[in-house]
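Residue-level structure breakdown
Read off the chains here:
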Amino acid sequence: MDTQDKFEIFLVAPPGLEDVLCAETLAAGFPDPKQVPGGVTFDGHWPDVWRANLVLRGATRVLARIGSFRAFHLAQLDKRSRKFPWGDVLPKGMPVRVEATTSKRSKIYHAGAAKQRVEKALHEEHGAIISNEAEIQIKLRIDDNNCVFSVDTSGETLHKRGHKEAVAKAPMRETFASLFLRQCGYDGTQTVMDPMCGSGTFVIEAAEMAMGLYPGRSRSFAFEHLVPFDTDMWKDMRAQTGPFLSDARFYGSDRNEGAISASRANAARSGVQERVQFDCKAVSEMQRPDGPPGIVIVNPPYGARIGNKKLLYALHAAFGDRLREAFGGWRVGIITTDASLASATKLRFKKPGPPVPHGGLKIKLYQTDPLP
């Protein structure tokens, strides 16, 4: 590929939340994003790849489609892989790992054999060191005899912002949290409260968005090791911040003192400690903050991770009671695997969002209109 040419950039999304990521991508100013199964695509240049990793809160990974060709058998794949312009993207002698997927619509159907051919071509023609521990990953997808090569430009998955060291049980990933917040209509101006906050993910994500802090500001990325990388341009890009959206404050509470300590430590590392408040209290004790109505969003325990479901129904009922008592005008979002637990709150929910795979389960967002 010519590094000056546009190419396809693929943003991996949690299945079921592709439309939310597409909306975020459009709002961030990326050109003509399109929702596709498993993610979002748009055409761009390498600086767009760097910026996507830096600023998008909901993407799981950013893949650069670096080229493609047709191949109908393994010998053809081998020959064309050897002629592929790897040097446009990969420095010689770099450790890489290869992942291959195939479809039944292709003549080449053995993913393991395809992977071996590409690895051999990379090593013998480009001097690449093949290692399962390599940070740089080349992905080959063979569909309908079309071989598409991508490079994973992110490295570690993008939910790892570089701030959360303290983690509560069954944590909500930052990427999921940001997309659920956006799905609830959060735009950076409303107060957000999470009364079962765990390690504080929803509260911290909301505060970062309001303050214009980019999610990738504190971590490194795989693209920093690729040929097209421009250190000076990246330094300038990373020094910028997003728009400051509001002076809103954000509140989290949990009955577990360890969770509150973790939330406070994570908020301090994120640089949002002045905008957030974490308190150790039960759901039945939560207080409505001063100011206009906002959003209560919560990822309560579900039966799969806490055995006694009767206790969970009581917890959800107490949560609903407190919301009806004190949170008129607020909107509520509950993420759960179980519609009956959501119903136990006795809140009136709109049609739930699509099922989203999370930790081996399928979760959905249940949300309300403003409470009466």
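Our structure's up above, just so we're on the same page.
Our subject in this report is the structure included herewith. Here the residue numbers are simple positions, counted from 1 along each chain's written sequence. Where totals are concerned, whole chains, interfaces and linings use all residues; where local detail is concerned, this predicted model gives features only for residues with pLDDT of at least 70, and gives and counts side-chain atom pairs only at 80 or more. For side-chain calculations, the full set of non-hydrogen atoms in the structure is used, while hydrogens and water are omitted.

1. Thoughts on helix α4 (residues 111–126)
Note the threshold: Segments assigned H or I by DSSP are reported as helices when at least four residues long, segments assigned E as strands when at least two residues long, and all are numbered from the N terminus. Expected helix span is given by 1.5 Å per residue-to-residue step, counting one fewer step than there are residues. Throughout, exposure labels follow a simple rule: accessible area from a 1.4 Å probe, protein chains only, divided by the maximum for the residue type, with under 20% read as buried, over 50% as exposed, and the rest as partly exposed.
For α4, built from 16 residues, the straight-helix expectation of 22 Å at 1.5 Å per residue is met to within 8% by its first-to-last C-alpha distance of 22 Å. Within the span of α4, buried status applies to A113, A114, V118, E119, A121, L122 and H126. Looking one or two residues beyond α4, the residue adopting positive phi is G127, at roughly 75°.

2. Considerations on the sheet that holds strand β9 (residues 192–194)
The condition that has to hold: Only strands that DSSP links by at least two bridges are regarded as paired with each other. As a rule, the C-alpha atoms of each element are fitted with a line to give its axis, helices using only the stretch in contact, and angles between N-to-C directions run from 0 to 180 degrees. Residue contacts are counted whenever heavy atoms from the two residues lie within 4.5 Å of one another.
Reading across the sheet, the seven strands line up as β11-β10-β9-β12-β13-β15-β14 and stay open at both edges, with mixed pairing between neighbours. Two strands close off the open sheet at either side, each with one partner strand: β11 (276–280) and β14 (356–358). Strand-to-strand twist in this sheet, taken as the mean axis angle between neighbours without regard to direction, amounts to 20°. In terms of strand pairing, β9 meets strand β12 (residues 295–298) through two bridges, oriented parallel. Bridge assignment links M193 to a residue of β12, and that residue is V296. Of the strands in this sheet, β10 (250–254) and β11 are in contact with helix α8 (residues 257–270), which crosses β11 at around 165°.

3. Digging into the environment of Y302
Note that Y302 resides in the loop between β12 and α9 (309–326). For Y302, a relative accessible area of 2% gives the class buried. When sequence neighbours within four positions are dropped, the list of residues in contact with Y302 reads L312, I335, T336, T337, L341, H358, L361 and I363.

4. As for the pattern of salt bridges
Filter applied, for reference: Any Lys or Arg side-chain nitrogen found within 4 Å of a carboxyl oxygen on Asp or Glu counts as a salt bridge.
Going through the model one piece at a time under the given rule, you end up with 17 salt bridges. Notably, a salt bridge pairs R61 with D152, separated by 2.7 Å at the nearest N-O pair. Here R61, found in strand β4 (residues 61–70), pairs with D152, found in strand β8 (residues 146–152); they are 91 residues apart in sequence, far enough to count as distant. One salt-bridge network, held together by shared partners, links R57, R161, E205, E208 and R217.

5. Regarding the nonpolar core
Note the following rule: Here, nonpolar core refers to any group of buried Ala, Val, Leu, Ile, Met, Phe, Trp, Tyr and Cys residues whose side-chain atoms link them within 4.5 Å.
Within the largest apolar cluster, 89 residues are counted, with the highest numbers of intra-cluster contacts made by L11, W46, I66, L77, L90, F180 and F250. Considering every element that reaches this core, the biggest residue donor is helix α6 (residues 201–211), with eight residues. Of all hydrophobic cores here, the second largest spans 16 residues; its members include M196, M286, F327 and V332.

6. A look at the packing of helix α1 (residues 18–27) against helix α5 (residues 174–183)
The axes of two packed helices give the description: the angle between them and the distance between them. Here is the rule we go by: Here the word oblique covers every angle except those under 35 degrees (roughly parallel), over 145 (roughly antiparallel) and from 65 to 115 (roughly perpendicular).
At a closest axis distance of 10 Å, the pairing of α1 and α5 adopts a crossing angle of 85°. Put simply, α1 runs roughly perpendicular to α5. When α1 is examined against α5, the residues V20, L21, A23, E24 and A27 are found in contact with a partner set consisting of L179, R182 and Q183.

7. Thoughts on the sheet that holds strand β7 (residues 136–143)
Taken in spatial order, the eight strands line up as β2-β3-β1-β4-β8-β7-β5-β6 in an open sheet, and their pairing is mixed. The sheet is open, and its two borders are formed by β2 (34–36) and β6 (129–130), each paired with just one other strand. The pairing of β4 with β8 spans seven bridges and is antiparallel. In the strand pairing of β8, A64 is matched with V151. Helix α2 (residues 46–55) rests against β1 (7–12), β3 (39–44), β4 and β8 of the sheet, and its axis sits at about 145° to β4. Relative to strand β5 (residues 95–102), α4 is tilted by about 150°, and along the sheet it contacts β5, β6, β7 and β8.

8. What to know about the side chain of S246
Counted only if it meets this: Pairs of N or O atoms are called polar contacts if they sit within 3.5 Å, as long as, within protein, a hydrogen donor faces a hydrogen acceptor (for residues adjacent in sequence, only side-chain-to-side-chain pairs).
Examined against the element boundaries, S246 turns out to sit in the loop between α7 (231–239) and β10. At 2.7 Å, the side chain of S246 forms a polar contact with the backbone oxygen of G188. If near-sequence neighbours (up to four positions away) are discounted, S246 is found in contact with G188, T189, A210 and R275.

9. Describing unusual backbone geometry
Residue D32 is not a glycine yet carries a positive backbone phi of 50°. Counting through the fold element by element, D32 comes out in the loop between α1 and β2. A relative accessible area of 53% means that D32 is categorised as exposed. The phi angle at D144 is positive, at roughly 55°, despite the residue not being glycine. Mapped onto the elements of the fold, D144 is located in the loop between β7 and β8. Looking at D144, the relative accessible area reads 38%, which means it is partly exposed.

10. A closer look at α6
Across the 11 residues that make up α6, a large majority, 11, are buried. All buried positions along α6 are accounted for by T201, F202, V203, I204, E205, A206, A207, E208, M209, A210 and M211. The positive-phi residue at the C-terminal boundary of α6 is G212, with phi of around 75°.

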